[in-house]
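# Descriptive structure summary
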Amino acid sequence: MEQLDIYCSHCGASNHKEEVHCFACGHTLADADAPADTTAPEILLQQRYRLLNKIGEGGFSIVYRAEDIQTRQVVAVKAVSLRGLSAQEKIEATDAFNREVTILTKLTHRNLPRLYRHFSDAECWYMVMDYIEGETLEKYLERHQQMPFRLEEVLDIGTILCDVLDYLHSNQPPIIFRDLKPANIMVTSAGYIYVIDFGIARQFKQGKPKDTIPFGSPGYAAPEQYGKAQTTPRSDIYSLGAILHQLMTGSDPSQSPFAFAPLPNLHQQAVAKLDTLLQRMVALDSQRRPDSMVEVQESLQEISRLHYHQQGLSSQYYRPTLSRTFQTAAYAQPLPSTPTPNNAGVATFVQQQQQQQQTFYAASPFAQSTTPPPSNRYQLYSILCSLIGIFMPPFLCLASTQILFILQRHIPITLFIYALLLAPSVLGIVFGHKGRDFARRTGTSADTATVGLTLGYLFTAIYLVFALCFFSTTILFMPHILGF
Ligand SMILES: Nc1ncnc2c1ncn2[C@@H]1O[C@H](COP(=O)(O)OP(=O)(O)OP(=O)(O)O)[C@@H](O)[C@H]1O
């Protein structure tokens with residue numbers, strides 16, 4: 001039977017396609033039970049890319065999940081067909097394809113899919129790129145309509161998007177994405193973020209008064225994209241501001257373009273600062289917006305530090321959680337390594353990408369901090385309390401005579417003793433949860449907290465069973481003690 005691997009979005013391990021859970025980390029493999037799309041044709045492109053199923057559709061394109069049979073890698077193949085298009089549409093589709101290929105070929109960034117090859121046949125043009133196992137932020141937002149993101153997550157996402165947009169803007173000439181919106185941002189189940197669709201991105205030419213193709217997406221596109229002026233990096237700053245505002249409020253900017261209400265919870269200092277920043281980012285006059293993505297990123301990181309400080313976490317331990325996860329994601333995916341005669345440049349290209357990614361990794365503001373990991377005292381409390389809790393059920397048995405003695409005289413005191421004996425395990429659970437939360441926010445290991453938490457639950461249950469038995473025995477055999 002034909003072998004086909006599916007890569008875990010969490011740890012990158014290669015699993016057989018039949019697997020539901022990753023053999024390495026146990027994570028659910030997203031597409032494992034997805035029904036095969038019967039509409040996808042069984043086609044082998046270039047004797048190399050087997051189309052598996054349709055995963056998305058754009059204005060002029062269909063995107064397929066495909067298998068590279070040479071490397072066994074799952075890839076995404078974007079197919080643009082000109083069939084049935086009007087002359088004007090053919091020009092637009094051709095332009096969009098060429099622009100995307102030209103731009104993606106030059107780019108290497110951990111938050112962008114890598115373009116491996118592009119080719120054409122009689123019917124279509126194709127692009128082969130990294131397959132991103134996830135969904136668009138737009139779909140995610142549709143599924144979680146009520147305030148889907150916490151402040152720290154919005155700050156993390158903003159920081160990551162600043163990083164990738166700054167990378168584009170730092171190109172020579174700068175690349176303006178021009179269509180940043182939730183539909184063009186993909187999120188994997190492990191929280192990795194990718195920016196897709198460079199169809200309308202363009203290279204910035206100094207002094208050009210107006211864009212020749214003035215469009216974008218209503219609600220996210222800056223006013224200058226409607227043809228009044230040339231788009232600049234500040235146009236992307238506007239779109240990013242609109243997205244972050246949507247993530248904070250849940251309100252869709254395409255419903256009321258150019259109108260951004262103040263954020264809720266302005267009494268919180270970090271939220272108030274974010275509100276000020278977002279209002280600057282979505283200013284109608286581009287000159288009033290922040291100068292660059294670097295400025296926006298620094299402001300977001302400053303707000304994160306403030307937020308973390310307010311949460312009782314030392315700001316020196318602040319590291320954006322999503323972006324930290326990204327670093328592992330980008331390198332976990334195996335790269336195609338076997339060059340074919342007609343893609344001789346690909347191997348070199350891939351090697352260059354690997355090298356450059358390592359450089360990004362080292363230079364990234366999100367690179368692993370050398371700061372010693374913060375001490376998570378909740379974990380310690382959790383394990384200590386749970387360990388004390390272990391002794392409580394046997395203690396209850398051993399002290400049953402004394403407890404019965406007290407029970408005869410004072411029932412409230414007896415109940416208080418019961419509660420006191422239960423307290424260590426319950427505290428073990430409470431501290432365990434706090435410890436895990438702390439570990440998640442600081443990116444440290446939560447193992448001890450998990451052990452404390454598990455012991456806490458286990459011995460709370462055991463204690464309650466013992467206490468119940470003790471009580472029922474007392475009621476059954478010595479009801480007079482309780483005054484029955
Ligand atoms: N590399 C990828 N990995 C996985 N899915 C992808 C990938 N690229 C695109 N998709 C899916 O395909 C859909 C369409 O892709 P894309 O937005 O690039 O097409 P498009 O024709 O340029 O769209 P538009 O008409 O909005 O410009 C996306 O919404 C996404 O769900």
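Residues numbered from 1 in each chain as written. Predicted model: local features only at pLDDT ≥ 70, side-chain atom pairs only at ≥ 80, totals over all residues. Heavy atoms only, no water.

We now examine the overall build of the protein chain. Counting its regular elements, the protein chain contains 13 helices and 13 strands. Residue burial in the protein chain is summarised as follows: out of 484 residues, 48% are buried. Put simply, 64% of the contacts in the protein chain that link residues at least 6 apart link residues at least 24 apart. Within the structure as shown, the protein chain displays about 23200 Å² of accessible surface, and the carbon and sulfur contribution to it stands at 59%. (Helix = DSSP H or I, 4+ residues; strand = E, 2+ residues; numbered from the N terminus. Buried < 20%, exposed > 50% of the residue type's maximum accessible area, 1.4 Å probe, protein only. Contact = heavy atoms within 4.5 Å. Areas by Shrake-Rupley, 256 points an atom, 1.4 Å probe, with all protein chains shown as cover.)

Turning our eyes to something else, we now look at helix H1 (residues 87–106). The first and last C-alpha atoms of H1 sit 29 Å apart over 20 residues, in line with the 28 Å expected at 1.5 Å per residue. Taken together, the buried positions of H1 are occupied by Ala 93, Ala 96, Phe 97, Arg 99, Glu 100, Val 101, Ile 103 and Leu 104. (Expected span 1.5 Å × (residues − 1).)

Attention shifts here to the UniProt feature "binding site: ATP" (unreviewed entry) in the protein chain. Within the UniProt annotation, "binding site: ATP" (unreviewed entry) is assigned to Lys 78. With respect to the secondary-structure elements, Lys 78 resides in strand E6 (residues 73–81). Exposure remark for Lys 78: the relative accessible area of 11% places this residue in the buried category. Setting aside chain neighbours within four positions, we find Lys 78 in contact with Ser 61, Ile 62, Val 63, Glu 100, Trp 125, Tyr 126, Met 127, Met 129 and Asp 197. In terms of polar contacts, Lys 78 uses its side chain to reach the side chain of Glu 100, at 2.9 Å. (UniProt positions renumbered as here; feature names shortened; annotations may be inferred. Polar contact = N/O pair within 3.5 Å; in protein donor to acceptor, adjacent residues only side chain to side chain.)

This paragraph deals with the sheet that holds strand E4 (residues 49–57). The 6 strands lie next to each other as E3-E4-E5-E6-E8-E7, forming an open sheet whose pairing is antiparallel. Each edge of the open sheet carries a strand with a single partner, namely strand E3 (44–45) and strand E7 (115–120). Of the pairings in the sheet, the one linking E6 to strand E8 (residues 124–130) comprises 7 bridges and is antiparallel in character. Each bridged residue has a counterpart across the sheet, and for Val 80 the counterpart in E8 is Trp 125. Against the sheet, H1 engages E6, E7 and E8, with an angle of about 30 degrees to E8. (Pairing = 2+ DSSP bridges. Axes fitted to C-alpha atoms, helices over the stretch in contact; angles between N-to-C directions.)

Counting residues in hydrophobic clusters, the biggest one holds 57 residues, and the most contacted among them are Leu 168, Leu 240, Leu 247 and Leu 274. Counting only elements with at least two residues in this core, the list comes to H1, helix H2 (137–143), helix H3 (151–169), strand E11 (185–188), strand E12 (193–195), helix H4 (233–249), helix H5 (269–281) and helix H6 (293–310). Residues from two domains meet in this core; each of domain 1 (6–33 + 40–130) and domain 2 (134–317) gives at least three. Setting aside chain neighbours within four positions, we find Leu 168 in contact with Leu 107, Leu 112, Pro 174, Ile 175, Phe 177 and Phe 198. Among the nonpolar cores identified, the runner-up in size contains 13 residues, and Ala 66, Val 77, Ala 79 and Tyr 126 belong to it. (Core = buried A, V, L, I, M, F, W, Y, C linked by side-chain atoms within 4.5 Å. Domains from an automatic or database assignment.)

Turning our eyes to something else, we now look at the pattern of salt bridges. For the structure shown, the criterion picks out 16 salt bridges. The partner of Glu 67 in a salt bridge is Arg 50, with the nearest N and O atoms 3.8 Å apart. Taken together, the positions of Glu 67 in strand E5 (residues 61–68) and Arg 50 in strand E4 put the pair 17 residues apart, joining distant regions of the chain. Judged by relative accessible area, which is 0%, Glu 67 ranks as buried. For Arg 50, a relative accessible area of 24% puts it in the partly exposed group. Across the pair Arg 305 and Glu 302 runs a salt bridge whose closest N-O atoms are separated by 3.7 Å. Here Glu 302 and Arg 305 lie together in helix H6, a separation of 3 residues that amounts to about one turn. Arg 305 gets classed as partly exposed once you look at its relative accessible area, which sits at 31%. (Salt bridge = Lys/Arg side-chain N within 4 Å of Asp/Glu carboxyl O.)

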